[in-house]
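Reading the structure
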Amino acid sequence: MTDSAIIAIAAAFAIAVSTIGPALGQGKTAAAAMEGIARQPEAAKDIRSTLIISMALMEALTIYGLLIAFMLVAKV
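A short tour of the structure in this document, coming up.

**A short note on the overall build of the protein**
A count of helical and extended segments in the protein gives 2 helices and 0 strands. Taken over the C-alpha trace, the protein has a radius of gyration of 18 Å; the compact-globule value for 76 residues is 11 Å, which it surpasses by more than 25%. Overall, the C-alpha framework of the protein stretches about 60 × 15 × 5 Å when taken along its three principal axes. Out of the 76 residues belonging to the protein, those deemed buried represent 16%.

**Overview of a nonpolar patch on the surface**
Together, M1, I6 and I9 line one region of the surface with nonpolar side chains, adding up to about 350 Å² of accessible area. Positionally, I6 belongs in helix α1 (residues 3-39).

**Examining the environment of A56**
As for its placement among the helices and strands, A56 is situated in helix α2 (residues 44-74). Note on A56: relative accessible area 47%, which makes it partly exposed. Measuring from C-alpha to C-alpha, the distance between A56 and Q26 comes to 9.6 Å, with 30 residues separating the pair along the chain.

Reading guide: rules and limits
- Residues numbered from 1 in each chain as written.
- Predicted model: local features only at pLDDT ≥ 70, side-chain atom pairs only at ≥ 80, totals over all residues.
- Heavy atoms only, no water.
- Helix = DSSP H or I, 4+ residues; strand = E, 2+ residues; numbered from the N terminus.
- Rg over C-alpha atoms; globule rule 2.2 N^0.38 Å.
- Buried < 20%, exposed > 50% of the residue type's maximum accessible area, 1.4 Å probe, protein only.
- Patch = residues over 30% accessible without salt bridge, like charges linked within 9 Å, V, L, I, M, F, W, Y side chains within 5 Å.
- Areas by Shrake-Rupley, 256 points an atom, 1.4 Å probe, with all protein chains shown as cover.
- Salt bridge = Lys/Arg side-chain N within 4 Å of Asp/Glu carboxyl O.

Below is the structure:
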């Protein structure tokens, strides 16, 4: 394999790993929030705002993986 092929595979792996973890976390978080809203509809506003903040923090992990992939591809 050439160096550029190895770097391309590393970039693809960085995207895959950094997407799978936050995706699973976001699914669990959304499910827990919907369950919480179903149990206490009066707390929906508080749960929703906390959900949005936690989703944004999880999405940052995916963006870091994308940044690493861009840095690796720039070396090709």
